[in-house]
Amino acid sequence: YNEYKSYLSTRIMAYFLSTIILVLLSGSLAAIPEPTKKWIFNQTLDHFTYSEVSAQTFDQRVFEYDKFWSRSDDGSVGPLFVYTGNEGSIEDFYENTGFMFDIAPKFGALIVFIEHRYYGESLPFGEDSFEPESLRYLSSMQATSDFAQVINFYKTHYNITQVVSFGGSYGGMLAAWMRIRYPQLVDIALAASSPLPMMAKTAKPEQTFFQIVTNDFEMSDEQCPTIVRNGFSTLYRLYDEGSSSFDQITETFKLCSAFNESQFDHLVGWVRNAMLTMAMVDYPYSAEFLGSLPAWPVDAACKIMLNEMTKSNDPMKAIAEAAGLFYNGTNGQKKCFKIYDEFIECADLTGCGTGVEAIAWDWQCCTEFQLATPSNNVTDMFPPLEWNDEIVGKYCKEKYGVSPDPVRVSREYWSADFETASNIIFSNGLLDPWHAGGVLEDVNRRVKAILIEDGAHHLDLRGRDKKDPESVITARKQEVSLIRKWLKRN
């Protein structure tokens, strides 16, 4: 009884302490506290060979927050909540995954974020990590093995018995795969906005990725997709007219360097990337994730286009101004755009990000991930794009000397069939274009699907906010309920 009182007191104290911390840090409900510890895990370079290479190690960053963690006198401790880092710096995910911090006090959980190899500062070969010879050690299999090593460290050194993995997008895929590959280490997975069936090429969605982007803009105002179509048509017409119209393109899109013929496809991709990313991060409040954007950025972009049509009746100018919202942000100071710095073409039609991390994601798309189907200008508002396995294979062979394996994901992770899996939550926002390739129905009693009507890309993983739609509030309650039930069962 005394031990139970001690445990209960610790949990209650953690809950009140968390509330005080959040209030002190900010008036926002979604404030994220600084990590209580940042440390380096000495990670194995190659988990799958027995050689001199497999004996090599690299520094992998880990962020930890322990203010909510319950530890009782009898040695029992609260669970580990671990975020399986995806294609970016771990700071980006730590600062944009407030849900873990919101619910950790309810469970007395220790929060840990692990950076994915080849992203952020977890670079196995430093500045040489992105050479083709070095990239051979970048894969989701190596990454999940990395996470397993770190999780096992926490379990063995801190007497942790229960682990819940969290992740969004690719990170959500990794969270689910951790439960599938390492059920002895991970008890529950919350995989948000994770298009696993699409990756396994088994999804037969009713709508394509670009069709959902179009629908998002149409829901804002039915005129907007027409403006986008006409804007691209004008751009194509001016391009076909030749160099006499290139100055107009330069001026309309506010390009820092004069437009020329070789830039055309990239400019089209630059505009398309802005539109699709705003649909992905169509959050009900201003946010800094993937860009500095206002609340409901699709509505904001649509309003910009409508206003421009009223002002100039120029659809190309309208799409240029809407794209500028994404690349320049709500308070941007850019006087012109450097489209090759702001958008990088790659094997992922939806973009690979920028900087050297774009090379890492490009490599992963060239080796193991098969992503969105191309636009067609019939079911969507974007110009037709010729894109198939043969084109991707040629691109990857020329750039890296590798070819994509179209069945690797389904072979290694059963990403097409979860009937024998358990304790996985797949959440999808219906505003998110990626939901087309996600798990949208319950697979069994312990592989559950949660749909969020007004949710964009892994909105449920973000911290709670006064502007949250009711659908995401309900979804989070369901997620907490399932985590609590499954932890008790385990």
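Residues numbered from 1 in each chain as written. Predicted model: local features only at pLDDT ≥ 70, side-chain atom pairs only at ≥ 80, totals over all residues. Heavy atoms only, no water.

1. Remarks on the pattern of salt bridges
Note the cut-off: Every case where a carboxyl oxygen of Asp or Glu lies within 4 Å of a side-chain nitrogen of Lys or Arg is listed as a salt bridge. To qualify as a helix, a DSSP run of H or I must reach at least 4 residues; to qualify as a strand, a run of E must reach at least 2; elements of each kind are numbered from the N terminus. Throughout this description, buried means an accessible area under 20% of the type-specific maximum (1.4 Å probe, protein chains only), exposed means over 50%, and partly exposed covers the range between.
Under the counting rule described, the total for this entry stands at 14 salt bridges. A salt bridge links K254 to E321, with the nearest nitrogen and oxygen atoms 3.4 Å apart. You can see K254 sitting in the loop between α9 (246–252) and α10 (264–280) and its partner E321 sitting in helix α12 (residues 315–328), a full 67 residues away along the chain. Judged by its relative accessible area of 36%, K254 falls in the partly exposed class. Judged by relative accessible area, E321 falls into the partly exposed class, the value being 22%. Where E308 meets K317, a salt bridge forms, and the shortest distance between an N and an O atom there is 3.9 Å. Of the residues examined, E308 reaches a relative accessible area of 8% and is grouped as buried. Several salt bridges share partner residues, and in doing so they unite R61, E91, E115 and E121 into one network.

2. Observations concerning the state of the cysteines
Linking two cysteines covalently via their sulfur atoms produces the bond known as a disulfide. Rules: By disulfide we mean two sulfur atoms from cysteines, separated by a distance within 2.5 Å.
Within this structure, the stated rule accounts for four disulfides. Sulfur-sulfur distance for the disulfide between C346 and C352 comes to 2.1 Å. Taking the sign of the torsion about the S-S bond as the criterion, the disulfide between C346 and C352, at about 95°, is right-handed. With respect to class, C346 is no different from C352; both count as buried. For the protein, numbering the cysteines in disulfides from first to last along the sequence yields the connectivity 1-3, 2-4, 5-6, 7-8. C352 provides the cysteine sulfur closest to C365, a residue in no disulfide bond, and the two sulfurs are 5.1 Å apart. Residue C365 is classed as buried on the basis of its relative accessible area, which comes to 2%.

3. Let's talk about a nonpolar patch on the surface
This is how the line gets drawn: Each patch groups residues whose relative accessible area exceeds 30% and which form no salt bridge, using 9 Å between like charges and 5 Å between nonpolar side chains of Val, Leu, Ile, Met, Phe, Trp and Tyr. Only the protein chains shown count as cover for residues, with accessible areas throughout obtained via the Shrake-Rupley method and a probe of 1.4 Å.
A cluster of nonpolar side chains, namely L430, L440 and L451, defines an oily patch on the protein surface of about 210 Å² accessible area. Mapped onto the elements, L440 comes out in the loop between β7 (424–429) and β8 (447–452).

These figures come from the coordinates and say nothing about function on their own.
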